[in-house]
Amino acid sequence: MRESEEIGDNKTWDLLGISLSVLCAIHCLSVPLLIGILPLIGLDFVADHEFEWVMMGIIFLVATWGYWRGYLRHRRKQIFWFLLLGVAIFACVRPFLSEEFHPVATLAGGLVFVMGHWKNWHWHRPSCRRSCCSHG
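Quantities reported herein were computed from a predicted structural model and do not represent experimental measurements. Along each chain, the written sequence defines residue order, and numbers are assigned to residues from 1. Local features in this predicted model are restricted to residues of pLDDT 70 or higher, and side-chain atom pairs are both shown and tallied only at a pLDDT of 80 or more, whereas totals for entire chains, interfaces and linings draw on every residue. Hydrogens and water molecules were not included; the side-chain quantities draw on all heavy atoms of the structure.

Attention shifts here to the confidence of the model for the chain. Segments scoring low in pLDDT should not have their predicted coordinates read at a detailed level. For the chain, per-residue confidence averages 80 on the pLDDT scale, and residues scoring 70 or more make up 84% of the total. pLDDT is a residue-level measure of predictor confidence that goes from 0 to 100. Runs of E in the DSSP output that reach at least two residues are strands. Runs of H or I that reach at least four are helices, and both are numbered from the N terminus. Looking at the elements of the chain, mean pLDDT is at its lowest for helix H1 (residues 3-34), recorded as 73, and at its highest for helix H3 (residues 79-93), recorded as 93.

The subject of this paragraph is the side chain of Glu52. With respect to the helices, strands and loops of the structure, Glu52 is situated in helix H2 (residues 49-74). Not counting chain neighbours up to four residues away, the residues in contact with Glu52 comprise His27 and Arg94. By definition, residues are in contact when any of their heavy atoms lie within 4.5 Å.

What follows covers the nonpolar core. Residues belong to a common nonpolar core when they are buried Ala, Val, Leu, Ile, Met, Phe, Trp, Tyr or Cys residues joined through side-chain atoms within 4.5 Å. Burial status follows relative accessibility: with a 1.4 Å probe on protein chains alone, a residue under 20% of its type maximum counts as buried, one over 50% as exposed, and anything between as partly exposed. Ranked by internal contacts, the top residues of the largest apolar core, which has 16 residues, are Tyr67, Ile79, Phe82 and Phe113. When residues of this core are traced back to their parent elements, those giving at least two are H2, H3 and helix H4 (102-127). A per-element tally of this core places H2 first, with six residues. With residues up to four places along the chain from it excluded, the contact list for Phe113 reads Ser21, Ile59, Ala63, Tyr67, Phe82, Leu83, Gly86, Val87 and Phe90.

Under the convention used throughout, the expected extent of a helix is 1.5 Å for every residue step, that is, one less than its residue count. An ideal rise of 1.5 Å per residue puts 38 Å on 26 residues; H2 measures up with 36 Å between its terminal C-alpha atoms. Immediately beyond the C-terminal end of H2, within one or two residues, lies Arg75, with a positive phi of roughly 60°.

Okay, the pattern of salt bridges next. Think of a salt bridge as a Lys or Arg side-chain nitrogen and an Asp or Glu carboxyl oxygen that are within 4 Å of each other. A full pass over the atoms with the stated rule returns one salt bridge. Measuring nitrogen to oxygen at the nearest pair gives 2.5 Å for the salt bridge that ties Glu52 to Arg94. With Glu52 in helix H2 and Arg94 in the loop between H3 and H4, this residue pair connects regions lying 42 residues apart in the sequence. In this structure Arg94 comes out as buried when scored by relative accessible area, which is 3%.

Time to look at the side chain of Asn120. If you trace the backbone, Asn120 turns up in helix H4. Polar contact is defined as a pair of N or O atoms within 3.5 Å, subject to the rule that within protein one atom must be able to donate a hydrogen and the other to accept it, and that residues adjacent in sequence are counted only when both atoms are side-chain atoms. Among the polar contacts made by the side chain of Asn120, one reaches the side chain of His74 at a distance of 2.7 Å. Not counting the four nearest positions on each side in its chain, Asn120 is found in contact with Asp14, Gly66, Tyr67, Gly70, Tyr71, His74 and Ile79.

The subject of this paragraph is the environment of Trp53. Its location among the elements puts Trp53 in helix H2. Along the primary structure Trp53 and Phe90 are separated by 37 residues, whereas in three dimensions their C-alpha atoms are 9.0 Å apart. Ignoring any residue separated from it by four or fewer positions in sequence, one finds Trp53 in contact with Phe90, Ala91 and Pro95.

Encoded structure:
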């Protein structure tokens, strides 16, 4: 893979991770408001816990891959703290909270992943000396 493709690929994974986390937050905030309408429009599956776990799993996989790719560039192990904290909130804290606090925990976990992707992207910039990378 050429350097410019690899850098673009790293950026793509971080943007995808941020986008998925934001979509998860929108889902988390909108489902309680739309719970009565979802079955009428055939989207009642988005209110299932299984759907939420699948979303969180995809966010985790994208974050793992994106953070690893970023780590190979900037070599800052701190990026994995975002991964561990996000997973801890999603998988260890959220299940033990009452249903009314699930949105709060999900938003907190998603925010941790968004911050991790932002830092991953940000940490790459100062170390980049490649002509293919236009960081300014």
